[in-house]
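As a plain string of letters, each chain reads:
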Amino acid sequence: MSTSSQRHLGSMGVDFSPPGPFHFDYTSRQRASLPVRALLAVKDVVFALTVVPVRVLLTIILIASCFIWFKLLKAVCPAGSSIPPSSVAFHCRVLLFALGFYWINVEGKRDDNAPLLISNHISYVDILVHAAFAKSGFISKASIKKLPLVGEMASSMGTIFVDRMAAKEGKATKSTTEQLCDALHSEKRENPIVVFPEGTTTNGKYLLKFRTGAFVPGLPVQPVLINYPYKYNCPSVAAISHRGIIFRLLSQAYQQLDYIFLPSIVPTEEEKKDAKKFATRAEKYISAELGVEMSSQGYIDKLILMEELGMPQKELPADKKPKQKKAE
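Please read all numbers here as calculations on a predicted model, not as lab measurements.

A. Molecular detail of the overall build of the protein chain. Across its full length, the protein chain carries 13 helices and nine strands. With 328 residues in all, the protein chain has 46% of them scored as buried. Of the contacts formed within the protein chain by residues at least 6 apart in sequence, a portion of 73% connects residues at least 24 apart. Counting only carbon and sulfur atoms, one obtains 60% of the accessible surface of the protein chain, whose full area is about 17,500 Å².

B. Structural view of the sheet that holds strand E8 (residues 258-261). Taken together, five strands build an open sheet; the order of strands is E1-E8-E7-E2-E5 and the sheet is mixed. What marks the edges here is a single partner per strand, and that holds for strand E1 (105-107) and strand E5 (193-195). Taken pair by pair, the neighbouring strands of this sheet meet at an average axis angle of 20°, ignoring direction. Judged from the four bridges that link them, strand E2 (residues 116-119) and strand E7 (residues 221-227) form a sheet pairing that is parallel. Bridge pairing in E7 links Leu116 to Val221. The strands touched by helix H6 (residues 125-133) are E1, E2, E5, E7 and E8; relative to E8, the strand with the most contacts, the crossing angle is about 50°.

Parameters and conventions
Residues numbered from 1 in each chain as written. Predicted model: local features only at pLDDT ≥ 70, side-chain atom pairs only at ≥ 80, totals over all residues. Heavy atoms only, no water. Helix = DSSP H or I, 4+ residues; strand = E, 2+ residues; numbered from the N terminus. Buried < 20%, exposed > 50% of the residue type's maximum accessible area, 1.4 Å probe, protein only. Contact = heavy atoms within 4.5 Å. Areas by Shrake-Rupley, 256 points an atom, 1.4 Å probe, with all protein chains shown as cover. Pairing = 2+ DSSP bridges. Axes fitted to C-alpha atoms, helices over the stretch in contact; angles between N-to-C directions.

Here it is, written out as structure tokens:
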């Protein structure tokens, strides 16, 4: 890892350490001097009237051109063939450019012997970055497959679509882990799959306790680090409205991003039998490389927080839901 990346990683947020992995970093602005805060407020207003409309228009044009291009590809390609992953990757990179990611620092290389990539998860942008530079598929809700354009793009990258409601409705279905194992062991598979072991997004200052699903197959995994060096504008989607984070993404003059492939982690014979041990080793490795703390909190803790903030979470078990306070 380069010196510049080491300087960025471990200094995310620059000026303070928040109380937990789900705390959205407003404080970096609040602790700035009054003149700086005033300038930032003026910048937000000016950019909202100038930069944001241009970015929105560019995004709409790019999505429309992408839709037309993919329709043309499907028309000339043999029946049943999917959109080339390289084409999807190219359009994802162009969209990132339109969002202000003019230059992305990429280090390391993809390991073709590792069919699974594991990554920290901070922003919506993570999906575009992985698709652009790793040409990877993901694990996604089954409903995504039905979406125009997005569903086709995801399918062409080898995304695994999971019907999370089927089990709740009593339908016979394979678990997410079983589907992942089948996909990774398939001889037809060409693209890697990216899994976010934390299961959700954080503010990038902590690493949540890893879930074990990605480590059950017992295959080599390649960690990929994502870092957004920032001082006043955190790109995290932890505990903030969707409109708020979209405005922050669209209203910056330019965006910074580090995308780093690390050497793959090969499981020992013991770890192949014990996914928890494999997950713990990977968690410690990634935490050390990022220069961030390992949190004792996990996916369920994030869902509980969202419920407490008034954002209903369907995946939160009933016995974990916060008790509502009785009105006095």
